[in-house]
Amino acid sequence: MCGIIGYCGPKPAAPILIEGLKRLEYRGYDSAGICVGNNGELNVVKRKGKLQVLDAAVPADFPGWYGIGHTRWATHGEVNDTNAHPHIDRSGRIAIVHNGIIENYSALREKLEQDGHAFRTETDSEVIAYLLSTLYEGDLEQAVKQTCRILKGTYGIVAMHQEEPDLLIGARNGSPLVLGIGDKEMLLGSDVTALIAHTKQVVYIEDGEVVRVTPTSYRTTDLGDRQIDKRVDTISWELEEIEKDEFRHFMEKEIFEQPESIKRAMQGRVDHEHATAHLGGLNMSNRELLEIERVKLVAAGTSYHAGMVVSYLMESLARIPCNAELASELRYRNPIVERNTIYFVISQSGETADTLYAMRELQRKGARVLGICNVVGATIPRESDGGVYIHSGPEIAVASTKAFTSQLTALYLFTLLIARMRDMSYEQGLNFIEALDSIPALTRSVLDRHAEVEALAAKYCRAEDFLFLGRGINYPVALEGALKLKEISYIHAEGYSAAEIKHGPIALINESTPSLFIVPDDGLREKVISNMKEVKARKGPVIALAVEGDRDVAAIADDVFYVPKAGELVYPFAMMIPLQLFAYYCALQLGRDVDQPRNLAKSVTVE
Ligand code: M6R
């Protein structure tokens, strides 16, 4: 989604803004722009397309020490230079960048047009610049506050005025905004990756807050001018973590990081002595944990698939009814919140609008909602009633990979904790821990055989349609495999329960539609093998992910990738890795933009 950067300080602003925008590229965008203030004038450059285009258009000596920049992911109006941000008011004195959606922009625009304002763009954001200009009476902060009172919808805004040099005003309602405190310089960003090269000291701006920023000071107030004292947080990520190192893409790097990121998600949380887990951030006593009668896992996209995997695990190990729900659906179906039900919202970014709004709706109804998040300090972990950080480190590629396996890890630990309070014996607990401990080495040994997956991708990447099929706890893995393939290679892929194909999708099978089966050596193996035969009988090419030494599968499938034998319940980890690699290598061979696939954004902050 859109990205924001703002700078005021002693250095030339333009290179810092461009660099900040580069760090935000991963969020997904289609155009970009900057505005720099210098000697009582504002200079704007904005371009459709990639940042290189903008960079090339910005003159080498673009003077000015305060400015704002933006990467746009179009919602209102087509992708072109004009609709790109920053937007300036008619007089050219005020510039703004905006993330979010202004819901009442049509009415506001109509009114402003009646008052003689001629708009230049098709965006909802432009009304903010025009409102500011009509409300400005020599104090930009006050004009921003008045404007915010009129706006309906979501926004993260940064505004600047040509006659108030070295001043930025930021405001937030529903779209993230972070202040970075540097040495005689300040930055504003839509996420910390934009700031981390300059400072690790940050202040998270909350909904309803306005921040007034100069190179050496900041003040946060609400819309009624009441001062709000803010805590300064320190970002724990290192700059190197958001660099690609020797990898070609962030996605490749993040796939290969998984043995380590899974370990980090487990670190300090496994209690071998009592065969259980410690998850301090849940903020729940053992008595409260014991009272849980139902668990619901709420998320979107890949995080939803992680929730689905865990719903199988939770019911099988802890014997607690558990289901995963799409956040976007849950929010609007007037969910029934029952006593003794615990909700987890799962989100890598912690900013996904669908998930965040579902969480707020559940909390409004009195539910206890815990977060499973990666980004420390994001809105979901701040607003949830407790939770678990997965500590994957920054995930930059749009396609989520390491966050998925770390989400699983955190929720597997929660399952262990709650299962051990119920029917799971000490012995069984130790066995489960042994299986958990094996995951990093298991994933590493699968990664070591990446060349085999690359060869499979070379063979199949020209197919136009794919089916991904699995059963039980590996059914959501099939869904996730299909999602990975379609989002970065643009190959049409559907995930199904292998049992379901006979109820419809089998009609799609022909010689050019490969089916990828997940066939672990679990209780459903025989059934899945039958489903494979059904596909082969219709001349469909079959690729199988099976367990080392499974000759029955090899006898049916056209190609097999073997994973090492493991505990039944940890196969989702082992099976996911080749599917991530398969999507990656297909996209690579098809020449796709792997890290920033078309139309997609890393953090989806609109509904
Ligand atoms: O940040 P979140 O985990 O809340 O994001 C949810 C989805 O938008 C995300 O998983 C999306 O599906 C990814 N692009 C999948 O790779």
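Preceding this paragraph is the structure being described.
**Concerning the pairing of strand β12 (residues 209–214)**
Inference 1: Of all the six residues making up β12, five are buried; the element is thus mostly covered by neighbouring parts of the structure.
Inference 2: In terms of strand pairing, β12 meets strand β13 (residues 217–222) through six bridges, oriented antiparallel. The partner of Val213 across the bridge, within β13, is Tyr218.
Inference 3: If you look at the hairpin formed by β12 and β13, you'll find two residues sitting between the two strands.

**Regarding the environment of Arg420**
Inference 1: Counting through the fold element by element, Arg420 comes out in helix α13 (residues 402–420).
Inference 2: Assessed through its relative accessible area of 23%, Arg420 is described here as partly exposed.
Inference 3: Note: C-alpha distance between Arg420 and Ala277 (143 residues apart in sequence) is 8.9 Å.
Inference 4: The residues touching Arg420, leaving out its near neighbours within four places in the chain, are His274, Ala275, Thr276, Ser425, Tyr426 and Gly429.
Inference 5: A distance of 2.9 Å separates the side chain of Arg420 from the backbone oxygen of His274, its partner in a polar contact.

**A short note on the pairing of strand β3 (residues 41–48)**
Inference 1: Looking at chain direction, strand β2 (residues 31–38) and β3 are connected through eight bridges and run antiparallel. Counted as the bridge partner of Gly37 is Leu42 from β3.
Inference 2: What sits between the antiparallel neighbours β2 and β3 is a turn of two residues, in which Asn39 has the positive phi angle 45 degrees.

**What to know about the pattern of salt bridges**
Inference 1: Within the structure shown, the criterion is met by 42 salt bridges.
Inference 2: With a shortest N-O distance of 2.9 Å, Arg226 and Asp222 are connected by a salt bridge.
Inference 3: The exposed category is assigned to Arg226, whose relative accessible area is 54%.
Inference 4: Glu383 serves as the salt-bridge partner of Arg360, at 2.8 Å between the closest nitrogen and oxygen. One end of the pair, Arg360, is in helix α11 (residues 353–364); the other, Glu383, is in helix α12 (residues 379–383), and 23 residues separate them in sequence.
Inference 5: By relative accessible area, which is 25% here, Glu383 ends up partly exposed.
Inference 6: Connected via shared salt-bridge partners are Glu141, Lys145, Arg212, Arg219 and Asp225.

**Comments concerning the site of the ligand**
Inference 1: Near the ligand lie 14 residues; those nearest to it are Ser303, Ser347, Ser349, Thr352 and Glu487.
Inference 2: Here an oxygen atom of the ligand and a side-chain polar atom of Ser303 are 2.6 Å apart.
Inference 3: Side-chain polar atom of Ser347 to an oxygen atom of the ligand: 2.6 Å apart, as the coordinates give it.
Inference 4: Burial of the ligand by the protein amounts to 91% of the accessible area it has alone, namely 410 Å².
Inference 5: Elements with a contribution of two residues or more to the shell around the ligand: α9 (301–317) and α16 (475–489).
Inference 6: In terms of residue count, the dominant contributor to the shell around the ligand is α9 (three residues).
Inference 7: Partitioning the shell around the ligand into residue classes produces four nonpolar, eight polar and two charged.
Inference 8: A domain split of the shell around the ligand shows at least three residues from each of domain 2 (242–444) and domain 3 (449–607).

**A look at unusual backbone geometry**
Across the chain, the bulk of peptide bonds are trans and the bulk of non-glycine residues have phi less than zero.
Inference 1: In this chain, His85 is followed by Pro86 through a cis amide linkage whose omega measures -5 degrees.
Inference 2: With respect to the secondary-structure elements, Pro86 resides in the loop between β4 (66–72) and β5 (87–88).
Inference 3: Of note, the phi angle at Tyr490 is positive, near 65 degrees, even though the residue is not glycine.
Inference 4: The class of Tyr490 is partly exposed, set by a relative accessible area of 23%.
Inference 5: The phi angle at Lys539 is positive, at roughly 65 degrees, despite the residue not being glycine.
Inference 6: Considering the arrangement of structural elements, one finds Lys539 in the loop between α17 (525–537) and β25 (542–547).

**A word on the packing of helix α7 (residues 258–266) against α13**
Packed helix pairs are characterised by how far apart their axes lie and by the angle those axes make with each other.
Inference 1: The N-to-C vectors of α7 and α13 enclose an angle of 30 degrees; their axes lie 9 Å apart at closest approach. By the angle between their directions, the pair α7 and α13 is classed as roughly parallel. Read as a crossing pair, α7 and α13 show a hand that is right-handed. Taken together, the residues of α13 that come into contact with α7 (itself represented by Gln258, Ser261, Ile262, Ala265 and Met266) are Lys402, Thr405, Ser406, Thr409 and Leu413.
Inference 2: A breakdown of the residues in the contact of α7 with α13 according to their chemical character gives four nonpolar, five polar and one charged.

**Topic: the nonpolar core**
Inference 1: If you look at the biggest cluster of nonpolar residues, it comprises 133 residues, and the most contacted ones within it are Tyr412, Phe414 and Phe582.
Inference 2: Ranked by the residues each element gives to this core, the list is headed by helix α19 (residues 571–589), at 14 residues.
Inference 3: Excluding its chain neighbours within four sequence positions, the residues that come into contact with Phe582 are Val453, Leu456, Ala457, Tyr460, Phe466, Phe468, Leu485, Leu516 and Ile543.
Inference 4: Of all hydrophobic cores here, the second largest spans 26 residues; its members include Tyr130, Ala143, Val144 and Ala159.

Calculation notes
- Residues numbered from 1 in each chain as written.
- Predicted model: local features only at pLDDT ≥ 70, side-chain atom pairs only at ≥ 80, totals over all residues.
- Heavy atoms only, no water.
- Buried < 20%, exposed > 50% of the residue type's maximum accessible area, 1.4 Å probe, protein only.
- Helix = DSSP H or I, 4+ residues; strand = E, 2+ residues; numbered from the N terminus.
- Pairing = 2+ DSSP bridges.
- Contact = heavy atoms within 4.5 Å.
- Polar contact = N/O pair within 3.5 Å; in protein donor to acceptor, adjacent residues only side chain to side chain.
- Salt bridge = Lys/Arg side-chain N within 4 Å of Asp/Glu carboxyl O.
- Near = heavy atom within 4 Å.
- Areas by Shrake-Rupley, 256 points an atom, 1.4 Å probe, with all protein chains shown as cover.
- Nonpolar A, V, L, I, M, F, W, Y, C, P; charged D, E, K, R; others polar.
- Domains from an automatic or database assignment.
- Axes fitted to C-alpha atoms, helices over the stretch in contact; angles between N-to-C directions.
- Parallel < 35°, antiparallel > 145°, perpendicular 65-115°, else oblique.
- Left-handed = near helix turned anticlockwise from the far one by under 90°.
- Core = buried A, V, L, I, M, F, W, Y, C linked by side-chain atoms within 4.5 Å.

Such coordinate-based values are descriptive only and should not be taken to indicate function.
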